[in-house]
Structure formats: structure tokens, C-alpha cells
Amino acid sequence: MESQTTVLPQVAAACELIWGGAHSTENEIGNIFEQWSQGFTFSDDCKSALVQEKGGPCAVIVPAQAYIIKHVLFDSEIQLADITDEQRQKALEQSLQSILLNVSAGTVHIAKLSQQLESASSVEFHKHLTLETFNTSEIENHISSWTESWCANFGVMSFLYSIVLTRGVENIVSDIGIMGDPSLVDNTFGHGNQSLLNLILTGAATPNVFDYSRSIDGMDLVGVTKKNDIGFLTLLEALRYCKVGDFLKCPEYPIWIIGSESHLSLLFSNERSLCVSEDSPFKVARAAFDTFDCEGNGFIPVTDLPNVLEKLDMVSEEDYVEFMKERLDPDSTGIILFPAFIEEFVPGAWDKQDQSVQNKQFVVHHYNGLRQSNCDRKVDYRLGAAAIYMEYNQVMEASTAPTPLLRVLRTKWPTIEIDWQSQPSIS
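*Asks:* Which parts of the structure should I look at to understand the overall build of the protein?
*Replies:* Secondary structure assignment for the protein yields 18 helices and twelve strands. Taken over C-alpha atoms, the radius of gyration comes to 23 Å for the protein, in line with the 22 Å a tight globule of 427 residues would show. Along the longest, intermediate and shortest principal axes, the C-alpha atoms of the protein span 75 × 50 × 40 Å. A total of 427 residues make up the protein; the buried ones form 53% of that total. Partitioning the contacts of the protein with sequence separation of at least 6, the portion at a separation of at least 24 is 65%. Carbon and sulfur atoms make up 46% of the accessible area of the protein, which amounts to about 19,400 Å² in all. For the protein, the distance from the average position of its 29 positive side-chain charges to the average position of its 58 negative side-chain charges is 5 Å.

*Asks:* Sorry if this is basic, but what is going on with the pattern of salt bridges here?
*Replies:* Here the idea is simple: oppositely charged side chains can pair when their charged atoms come close. Taken as a whole, this structure holds twelve salt bridges when the rule is applied. Here E34 and K54 are joined by a salt bridge, their closest N and O atoms 2.9 Å apart. Taken together, the residues E34 in helix α2 (residues 31-35) and K54 in the loop between α2 and α3 (58-75) connect sequence positions 20 residues apart. Of the residues examined, E34 reaches a relative accessible area of 42% and is grouped as partly exposed. The closest approach of N and O atoms between E322 and K325, which form a salt bridge, is 3.4 Å. Taken together, the residues span about one helical turn, with E322 and K325 both in helix α14 (residues 318-328) at a distance of three residues. What emerges from the salt-bridge pattern is a single network uniting K47, D85 and R88.

*Asks:* What's the story with the packing of helix α4 (residues 85-103) against helix α9 (residues 194-202) in this structure? I'm lost.
*Replies:* To describe two helices that pack against each other, one gives the angle between their axes and the distance between the axes. Contact pair α4 / α9: the axes reach a minimum separation of 7 Å and the direction vectors enclose 100°. The angle between α4 and α9 falls in the class roughly perpendicular. Along its contact with α4, which presents I99, N102 and V103, the element α9 presents L199, I200, L201 and T202.

*Asks:* Quick question: what am I supposed to make of the environment of H126 here?
*Replies:* Structurally, H126 is set in helix α5 (residues 122-128). In this structure the C-alpha to C-alpha distance between H126 and T6, which are 120 residues apart in sequence, comes to 8.8 Å. A distance of 2.5 Å separates polar atoms of two side chains, one belonging to H126 and the other to Y161.

*Asks:* What exactly am I supposed to notice about the packing of aromatic side chains here?
*Replies:* For any pair of aromatic rings, the description consists of the separation of the ring centres together with the inter-plane angle of the planes. Taken as a whole, this structure holds 18 aromatic pairs when the rule is applied. When the centroid spacing of 5.1 Å and the interplanar angle of 50° are considered together, the rings of F341 and F345 count as tilted. Residue F341 and its partner F345 are located together in helix α15 (residues 338-345), separated by four residues, close to a single helical turn. Classification of F345 by relative accessible area gives buried; the value is 15%. Joined through ring pairs, the aromatic side chains of F40, F134, W146, W150 and F159 make up one cluster. The ring of F338 is capped by R286, whose NZ or CZ atom sits 4.6 Å from the centre of that ring.

Conventions and cut-offs
- Residues numbered from 1 in each chain as written.
- Predicted model: local features only at pLDDT ≥ 70, side-chain atom pairs only at ≥ 80, totals over all residues.
- Heavy atoms only, no water.
- Helix = DSSP H or I, 4+ residues; strand = E, 2+ residues; numbered from the N terminus.
- Rg over C-alpha atoms; globule rule 2.2 N^0.38 Å.
- Buried < 20%, exposed > 50% of the residue type's maximum accessible area, 1.4 Å probe, protein only.
- Contact = heavy atoms within 4.5 Å.
- Areas by Shrake-Rupley, 256 points an atom, 1.4 Å probe, with all protein chains shown as cover.
- Lys, Arg positive; Asp, Glu negative; His and termini not counted.
- Charge placed at Lys NZ, Arg CZ, Asp CG, Glu CD.
- Salt bridge = Lys/Arg side-chain N within 4 Å of Asp/Glu carboxyl O.
- Axes fitted to C-alpha atoms, helices over the stretch in contact; angles between N-to-C directions.
- Parallel < 35°, antiparallel > 145°, perpendicular 65-115°, else oblique.
- Polar contact = N/O pair within 3.5 Å; in protein donor to acceptor, adjacent residues only side chain to side chain.
- Phe/Tyr/Trp six-rings, centres within 6.5 Å; stacked < 30°, edge-to-face > 60°.
- Lys NZ or Arg CZ within 6 Å of the ring centre and 35° of its normal.

The following block contains the structure:
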């Protein structure tokens, strides 16, 4: 089949959203495009692990890997070491289907090349890109053939266009809002941004990682609105640039995408108790408090107390509020500390939170799809023996200098230690 002489208008709109307004289907995108030109391929050294050939497409490949792990370990209960070629291909199909369902509102728009290309410029690629529309009820009948095409060259990029077009360009622009990055892929280094990752994991391309919404300087910013299958933790929180909410920290399955400054990797375990319910009284109270503690300082102005109480559907009458202000801020410092707040309104919750995983030992696995980030360039899972201690002094006894990965994990489990068989890299 020959390429089209013109690019489909939907593809042109998606191109501008993905790569930025400076790029179009009529000019070459450059090296970034080449970084994304691979298909979905498995490692020769680990049957169920996807390979990322170059920096850039981790924002699509790592979520796909996360759903592969979900389908293998929890849906099919297959041992990773025992997986067959047929089973891993089926897991990939189910993974990509799950992502399409995440972003769909009833229909999916499937982007595929009209013919297989060994190499192509970005202009040629967009001219060869075709679209078909299906109801979500039809996905299961076609996902095998779609996945086969996405395993060939340019398959990851074609799948990215399918994600964007299924959610809809206008919906994604609305999700991002005026404060977010207007393009989904960084036009300097080629990595996908937080909006793209949130789109794949949650179905909405919000650029924020906190729960629900927050009002900052008079602007209402939307965060993550529900618990999802796959979680997310980031080095940026350890560096105090952001604070990830409980919806991403406490997913349905013990699988977390790990963010560094410019790359994504994956941590997972069989231990389901690591996923603590977000609707416990502690979690609900913390979410309300954090709405007004936008910078994660651990305190709020006393003037925000009535707003927090109202968000929790608690008594917010003036006399009661004034009484609580004096009780929670006896020294009239003008601030209310979170420990004092939580002990007053959810007594004992501070000590009881996450007790199900305290003093627990379990096995974790880490995945990094980049060959150069793996020992001998072999893409495989790194095995670790993890322990979450009750007290910080136990951590001090067991700890060496924390690695970047350990710093990330301690944003969720402050007292975690891991003994790795071989030290993994998150970059």
C-alpha cells in the first residue's frame, strides 16, 4: 500500500501536541523522532522484559511493562521465570489493551502504518500513518493484530498516537491546563512528561501528582482523582520539588513506576499488603490537610483550619473553629502542625498508619529497560530483599548511604532498606 499524499488532520493535530507547536508533519522532527522509532521488543536475557533501545520512549514502554507484570503475576499467576513466548505475547496484548481502555470513553482510535517501514523520516512516517475507529467491545477481537504491528519498527510511536487520539487532542489540552507543558514529549531530550504518564496510568493528562485538586494563587489545579492499577514514585519528591498523593503511592497492585530526573524504571513485588487503602481515616484527613499545605511543609496557616474542616465534612462553626485554633496552636505561632492536627481529629492514626507493612520482609524486583543501565547490557530484573522497620534506629544500623532509588522509595516507606543482588540504576 502506498503512502497517502497528505497527512490526516487528526494525525497533524496529535503531532503538534506530542512534539510541540514548533514541529509539524511537514517538517523533520530530528533526533527525538529517531529515539522513539522502535517497536515493542522483548529482551533476549529475560523473556518478559521489554527493551528500550534509546532514551525517550520510557513513558510508554515502562507503563506497558508495568501492565505486563500485572497480567503475568496477578491476573494469570504465572511465574516470571516460567513464562513462554506465547504467554508473554499475550501479556503484552493485554497490557496495551489495558492502556487503551484507560484512555477510552467508549471508542478507540487505532494508529498503524499502512506498510512496514525499516526506516523513515518523520514526514514519511506521518504520511504512512492510518487510523481506524472501534468500539471498546471490539478491542479483544483485534488486539492481537494491532500488537503485532506495534512490535515492528515505529510501533511504540504508533501506539503513542493511538493513546493520544483515543483520549482526544482537545481533551488532553484541557487536562493539561494553562500551567502544564503544552507538549507531551520534551523537545530537547525526548522523554515523555508527567502529563503523558498520568494519561496512560489514570486516563487524564493532568501534569500534577497530588490527590484531587488544589487552589494555588487563585488558580484551581487538578491532580489525580482516583486510585489506579499502577503506582508512581519520584526522585523529585525526595528532592522536595513535589509531593505525590496517595492515589499514586497506594495503587491496586504492588507495582510502581519510578521517576528520576529524565528516565522511568519500575519496582514491583508479589506482596499485596504493600498497597494500603487510600480511604482510611488517616489518608482522607491527610488529603484534606495537604490540599492547603501545597508545598508539603507539614503545616498550614491557622486561617485555613475552617477550610480543612469543611473539606472533611466536620463542624466548621465559628465558635468551634476558634476553640480548635487555640487547642492546635497554643503558642499562637499562626500555624497548625500536621501531627497535632491528625492526633486531634483521628486519634492514634499516626502510630497505626501502614502497620500492615511495618517490620515486614519481602522480595522486590527492579526493571530498567535501557541496555546501558544494566549489567553487561543485559535487560533483566534485579532482585532485592526488602525490609520495612518500625524504628529509625533500626534503619541507621542497617543502612549505608542511600542510593537514588532508595531515596525514592523512602518517600513512601521512610524506614525501608533493600539488599540487592546487584545494584539497580534508575537512570
